[in-house]
Amino acid sequence: MTHDILPPLGILAELTHRCPLQCGYCSNPLELLKANRELETDVWLDVFRQAARMGVLQVHLSGGEPTLRQDLEQIVATLAENGVYTNLITAAVSLSQERLKDLKSAGLDHIQISFQGARPETTEKIGHYRNAHAKKIEVAKAARQLGLPVTINAPIHRLNIAEVPEFVQLALDLDADRLEIANVQYYGWAELNKAALLPGREDVDRQVEYVTGIREQLTGILNIDFVPPDYYADYPKPCMGGWAKDAFVITPDGMMLPCHAAQSIKTLAFSSVRDMPLEKIWRESDAFNAYRGTDWMNPRCKACPRRDIDFGGCRCQALALTGDATETDPTCIKSPYHDRISEIPFTDTVQKRIIGGAKQKAPAEQA
Amino acid sequence: MVATTRTRAVLSGTTVPGIPPYVRLLFDKVREQWAVLAPEKVMWPDEISIEILKKCDGAASIDAISNALASEYDAPLAEVAADVLEFLQEWSDRRLIVVLGPAEAQA
Ligand code: SF4
Ligand code: SF4
């Protein structure tokens, strides 16, 4: 059975790995790229023109911290000229009000501001950046004044899960349009720090109950998007809406990936946008075709009625926890490895995300 | 409990709906299909939904939109009006359309 390759809808463009914050939950890889490895402006602009021609309608400008790229205005302008909807995903501490104004004039459609905590001391502690909270609030207010829609992104883990109700209040106080309560996904630095970040089961249950209630209560007042923690769910999430189905990632140095953790699958060979047109990588590269559709699936997933809903879950997580990237994602209750999910020991030390790499290897790599 | 001065808009026939600047209605040439782009979302509404959205020009009331659709599609007005109101209320609840005209009773 073959499958149609549809044109991609969205790109997560990681413009840089540099970031003034050092969050231990960051999903960036442990080996962060230095500035000299980043794509030049004209390469990014060409990439985005190609993407628009392919049918990409939305680009998420992310990082690291995308506002550290001095050419961000140019990038936004090029995307806007080509009719692409732009979403800036920022920690906001390095974003001045003048730049925000310039980005808005360049055509920026939406800004997503991450808050590491709902309280100033939590934001400061998790991001290791003084006064970060006040800075973020300033940027959010400035964005609303400019008429930019704002999403507050709350990355949730053990150290801030108790603040979920306060995040809702914060989003309302800042006149945000959306609040994203996103339980951290354990890739990169978050995987390394998993034992210190994974919330307890009871806290998760309490959070799910609270969010379900408040969402209903705030219908038409605040949009709340909820990314539940997949470690405690019965079924996995469809990563990226399905491998190579309608979105892809570009890393700061130009590697085109089906998902942002895909490079953890060492058996796959990835291509750079420097070497090949995006269209060719999307349609022809082995890495994109490896887990596209359902042909690659193990018999358990292939026979499962949910296979077109979650596509067997996350390939990277399957590999990390079972050693086989074609296995059922172990967060699924049908996985024979499902027990491994609950075997994670708890610790209290979080390693700061720093360029130059982690002090110790991730547990998965030691095994 | 959370505190907010915001209220949920309850739409009626006299409401004038509009598309906010951060929601974009466009014809996608690659897929030859209408799309709605919103913060972190791409939607593909069906033909009739697109017709409703196109008429949300910030001037027409929901009654006017229903009237126009009923005559274009040669369909009973009461049915059309109920469908249009339900659709727009749902989109308003997701903050994808905004109320621009007469402030109605708020729940
Ligand atoms: S998670 Fe924290 S450290 Fe990682 S890119 Fe985002 S703000 Fe920077
Ligand atoms: S068996 Fe596979 S397809 Fe079925 S729910 Fe689990 S992960 Fe999804």
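**Student:** I tried to follow the overall build of chain A on my own but got confused; where do I start?
**Tutor:** The number of helices and strands found in chain A is 15 helices and ten strands. Here chain A holds 367 residues, and 57% of them are scored as buried. Look at the contacts in chain A between residues 6 or more apart in sequence, and 72% of them connect residues 24 or more apart. Accessible area for chain A stands at about 15100 Å²; split by element, carbon and sulfur atoms hold 50% of it. Distance from the positive charge centre (40 side chains) to the negative charge centre (48 side chains) of chain A: 2 Å.

**Student:** For this particular structure, what's the right way to read the pairing of strand S3 (residues 33-38) of chain B?
**Tutor:** Two faces make up the sheet, and in a regular strand the side chains alternate between them. Residue and element names in this part refer to chain B. Where strand S2 (residues 24-28) meets S3, five bridges bridge the pair, whose relative direction is antiparallel. Bridge pairing links Asp-28 to Gln-33 in S3. Connecting S2 to the antiparallel partner S3 that follows it, the hairpin turn spans four residues, and Glu-32 within it adopts a positive phi of roughly 50 degrees. Pairing between S3 and strand S4 (residues 41-43): three bridges, direction antiparallel. Counted as the bridge partner of Ala-38 is Lys-41 from S4. If you look at the hairpin formed by S3 and S4, you'll find two residues sitting between the two strands, and Glu-40 has a positive phi there, around 60 degrees.

**Student:** I'm lost on the site of ligand 1 in this one. Help?
**Tutor:** As a matter of local geometry, ligand 1 sits amid A:Cys19, A:Leu21, A:Cys23, A:Tyr25, A:Cys26, A:Gly64, A:Ala91 and A:Arg353. For the shell around ligand 1, the per-class residue count stands at six nonpolar, one polar and one charged.

**Student:** Would you take a moment to explain the site of ligand 2 for this structure?
**Tutor:** Close to ligand 2 lie A:Tyr235, A:Pro236, A:Cys301, A:Cys304, A:Arg306, A:Arg307, A:Asp310, A:Gly312, A:Thr328, A:Cys332 and A:Lys334. A class-by-class count of the residues in the shell around ligand 2 yields five nonpolar, two polar and four charged.

**Student:** What am I meant to see in the packing of aromatic side chains here?
**Tutor:** Any two aromatic rings considered together are summarised by their centre-to-centre distance and by the angle between their planes. Residue and element names in this part refer to chain A. Summed over all chains, the structure comprises eight aromatic pairs over all chains. Between Phe-248 and Phe-288, the aromatic rings sit 6.5 Å apart at their centres with planes inclined by 80 degrees, giving edge-to-face as the arrangement. Highlighted residues: Phe-248 in strand S8 (residues 247-250) and Phe-288 in helix H11 (residues 286-290), separated in sequence by 40 residues. Judged by its relative accessible area of 0%, Phe-288 falls in the buried class. Ring-pair connections join several aromatic residues into one group, and the members of that group are Trp-243, Tyr-291 and Trp-296.

**Student:** Would you mind going over the sheet that holds S2(B) with me for this structure?
**Tutor:** Residue and element names in this part refer to chain B. Strand order across the open sheet formed by three strands is S2-S3-S4, with antiparallel pairing between neighbours. Single-partner strands in this sheet number two, and they are S2 and S4. Pairwise comparison of adjacent strand axes, ignoring direction, gives a mean angle of 30 degrees for this sheet. Running at roughly 60 degrees to S3, helix H1 (residues 47-55) makes contact with S2 and S3 of the sheet.

**Student:** Explanation requested: the pattern of salt bridges in the structure shown.
**Tutor:** Opposite charge on two side chains permits them to pair, given that their charged atoms come into close proximity. Residues and elements named next belong to chain A. Applying the stated rule across the entire model yields 28 salt bridges over all chains. As a salt-bridge pair, Asp-225 and Arg-178 come within 2.5 Å of each other at their nearest N and O atoms. Taken together, the residues Asp-225 in strand S7 (residues 223-227) and Arg-178 in strand S6 (residues 178-183) connect sequence positions 47 residues apart. What makes Arg-178 buried here is its relative accessible area of 3%. Through salt bridges with shared partners, one network takes in Arg-18, Glu-38, Arg-69 and Asp-71.

**Student:** Looking at this structure, how should I read the interface of chain A and chain B?
**Tutor:** In many reports, interface size means the accessible area that the parts give up when they come together. Contacts between the two partners involve 37 residues from chain A, matched on the other side by 25 residues from chain B. Of the roughly 2500 Å² buried where chain A meets chain B, counting both sides, 52% is carbon and sulfur surface. Ranking the residues of chain A by area buried against chain B places A:Leu57, A:Tyr85 and A:Ile221 at the top, with a combined share of 24%. The tally of links between chain A and chain B comes to four salt bridges. Two residues, A:Asp175 and B:Arg6, come together in a salt bridge whose shortest N-O distance is 2.6 Å. Among the secondary structure elements, those contributing two or more residues to the side of chain A that touches chain B are helix H1 (41-54), strand S2 (58-62), strand S3 (85-90), strand S4 (110-114), helix H6 (164-173), S6 and helix H9 (201-217) of chain A. Residue contributions to the side of chain A that touches chain B peak at five residues, all from H6(A). Split into classes, the residues belonging to the side of chain A that touches chain B amount to 17 nonpolar, 13 polar and seven charged.

**Student:** What exactly am I supposed to notice about the nonpolar core here?
**Tutor:** Inside soluble globular proteins, nonpolar side chains tend to come together where they are buried. In terms of nonpolar packing, the biggest core is built from 90 residues, with A:Phe48, A:Leu61 and A:Ile111 touching the most fellow members. Ranked by the residues each element gives to this core, the list is headed by H1(A), at eight residues. Leaving out residues up to four positions away in the same chain, A:Leu61 has contacts with A:Ala13, A:Leu15, A:Phe48, A:Pro66, A:Leu72, A:Ile75, A:Val76, A:Leu79, A:Asn87, A:Leu88 and A:Ile89. Grouped together as the second largest cluster of nonpolar side chains are 28 residues, B:Leu11, B:Met43, B:Val80 and B:Ile97 included.

Conventions and cut-offs
Residues numbered from 1 in each chain as written. Chains lettered and ligands numbered in written order. Predicted model: local features only at pLDDT ≥ 70, side-chain atom pairs only at ≥ 80, totals over all residues. Heavy atoms only, no water. Helix = DSSP H or I, 4+ residues; strand = E, 2+ residues; numbered from the N terminus. Buried < 20%, exposed > 50% of the residue type's maximum accessible area, 1.4 Å probe, protein only. Contact = heavy atoms within 4.5 Å. Areas by Shrake-Rupley, 256 points an atom, 1.4 Å probe, with all protein chains shown as cover. Lys, Arg positive; Asp, Glu negative; His and termini not counted. Charge placed at Lys NZ, Arg CZ, Asp CG, Glu CD. Pairing = 2+ DSSP bridges. Near = heavy atom within 4 Å. Nonpolar A, V, L, I, M, F, W, Y, C, P; charged D, E, K, R; others polar. Phe/Tyr/Trp six-rings, centres within 6.5 Å; stacked < 30°, edge-to-face > 60°. Axes fitted to C-alpha atoms, helices over the stretch in contact; angles between N-to-C directions. Salt bridge = Lys/Arg side-chain N within 4 Å of Asp/Glu carboxyl O. Buried area = accessible area lost by both parts, 1.4 Å probe. Core = buried A, V, L, I, M, F, W, Y, C linked by side-chain atoms within 4.5 Å.

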